[in-house]
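# Understanding the architecture of this molecule
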Amino acid sequence: MLYAIIAADRPGTLQARLEARPDHLARLQALVEAGRLVLAGPHPAIDAPDPGPAGFSGSLVVAEFDSLEEAQRWADADPYVAAGVYERVTVKPFVRVLP
């Protein structure tokens, strides 16, 4: 089943995000290689594709996992969590309707 992982960044954590980004992307790449990633990306803190020093307000990942518990464990192990970037992470079942 698909799950949406919706994360909110702590204010002032852009540098920590940038430092943890390679490890974060490596985990996402593993989902791509397994054919389990639908989409992933950050939420810019301002209305711009490159927010510069304004940074990001969070992230969204939609991926396939065997259970809600597995999706939650995957989210809990994210390098952004370990680096203190994420203030809150919500994991919910997701049903893709379109496209």
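Please refer to the structure placed before this passage.
Okay, so let's go over this structure. Here the structure is a predicted model, which means the values were calculated and not measured.

## Some thoughts on the nonpolar core
Counting residues in each nonpolar core, the largest one holds 11 residues, listed as Tyr 3, Ile 5, Leu 28, Leu 31, Val 61, Ala 63, Phe 65, Ala 71, Trp 74, Ala 75 and Val 91. When residues of this core are assigned to their parent elements, the largest contribution, 3 residues, is made by helix 2 (residues 68-76). Residue contacts for Leu 28: discarding those within four places in its chain leaves Leu 37, Ala 40, Val 61 and Trp 74.

## Regarding the pattern of salt bridges
According to the stated counting rule, one finds 3 salt bridges in the structure shown. As a salt-bridge pair, Arg 27 and Asp 78 come within 3.6 Å of each other at their nearest N and O atoms. A residue pair is termed long-range when its members are at least 10 positions apart, and Arg 27 in helix 1 (residues 14-33) and Asp 78 in the loop between helix 2 and helix 3 (79-82) qualify at 51 residues. Note on accessibility: Arg 27 and Asp 78 belong to one class, buried.

## So, the environment of Arg 10
As for its position among the elements, Arg 10 is in the loop between strand 1 (2-9) and helix 1. For Arg 10, a relative accessible area of 35% corresponds to the partly exposed category. Along the primary structure Arg 10 and Ser 57 are separated by 47 residues, whereas in three dimensions their C-alpha atoms are 7.7 Å apart. Setting aside residues up to four positions removed in sequence, Arg 10 forms contacts with Gly 84, Val 85, Tyr 86 and Glu 87.

## Some words on helix 2
All of the buried residues in helix 2 are Ala 71, Trp 74 and Ala 75. Considered in projection along helix 2, the buried side chains sweep an arc of 100 degrees and stay on one side of the axis. Buried positions along helix 2 lie against strand 1, helix 1, strand 3 (56-64), helix 3 and strand 4 (86-94).

## Examining helix 1
If you check helix 1, its first and last C-alpha atoms are 28 Å apart, about what 20 residues at 1.5 Å a residue would give, namely 28 Å. The largest bend along helix 1 reaches roughly 50 degrees and is located at Arg 21, with the proline Pro 22 sitting one to four residues downstream. Along helix 1, the positions that sit buried rather than exposed are Arg 17, Ala 20, His 24, Arg 27, Leu 28 and Leu 31. Contacts from the buried residues of helix 1 go to strand 1, strand 2 (37-44), strand 3, helix 2, helix 3 and strand 4. Immediately downstream of helix 1, the backbone of Gly 35 shows phi near 70 degrees, a positive value.

## Here we look at the layout of surface pockets
Considering only enclosed or pocket space, the largest pocket measures out at about 230 Å³ in volume. Lining of the largest pocket is provided by 13 residues; of these, Arg 17, Arg 21, Leu 25, Pro 42 and Tyr 80 occupy positions nearest its centre. Elements that contribute at least two residues to the lining of the largest pocket include exactly helix 1, strand 2 and strand 3. Among the elements that line the lining of the largest pocket, the one with the most residues is helix 1, at 6 residues. The residue makeup of the lining of the largest pocket, split by class, is 8 nonpolar, 3 polar and 2 charged.

Rules and cut-offs
The written sequence of each chain sets the order in which its residues are numbered from 1. For this predicted model, a pLDDT threshold of at least 70 governs which residues receive local features, and a threshold of 80 or more governs which side-chain atom pairs are given and counted, while totals over whole chains, interfaces and linings are taken from all residues. Only hydrogens and water are removed before side-chain values are computed, so all heavy atoms of the structure are retained for them. Residues belong to one nonpolar core when they are buried, are Ala, Val, Leu, Ile, Met, Phe, Trp, Tyr or Cys, and are joined through side-chain atoms within 4.5 Å. Buried residues are those whose accessible area, probed at 1.4 Å on protein chains only, stays under 20% of the maximum for their type, while exposed residues exceed 50% and partly exposed ones sit between those limits. Secondary structure elements follow DSSP: runs of H or I no shorter than four residues count as helices, runs of E no shorter than two count as strands, and numbering proceeds from the N terminus. Contact definition: two residues touch when any of their heavy atoms are within 4.5 Å. Any carboxyl oxygen of Asp or Glu within 4 Å of a side-chain nitrogen of Lys or Arg constitutes a salt bridge here. Think of the arc as the fan of directions from the helix axis to the C-beta atoms. A helix is expected to span 1.5 Å multiplied by its residue count minus one. By definition, a residue's bend is the angle between the axes fitted to the seven residues ending there and the seven starting there. Lining residues are those with an atom within 4 Å of a point, where the points come from a 1 Å grid over the protein atoms alone and group into cavities, where a 1.4 Å probe fits but cannot get out, or pockets, open sets with protein on both sides within 12 Å along at least five of seven lines. Grid points are joined across faces, edges and corners, and a volume is the space filled by probe spheres set on the points. Classification convention: Asp, Glu, Lys, Arg as charged; Ala, Val, Leu, Ile, Met, Phe, Trp, Tyr, Cys, Pro as nonpolar; all other residues, Gly among them, as polar.

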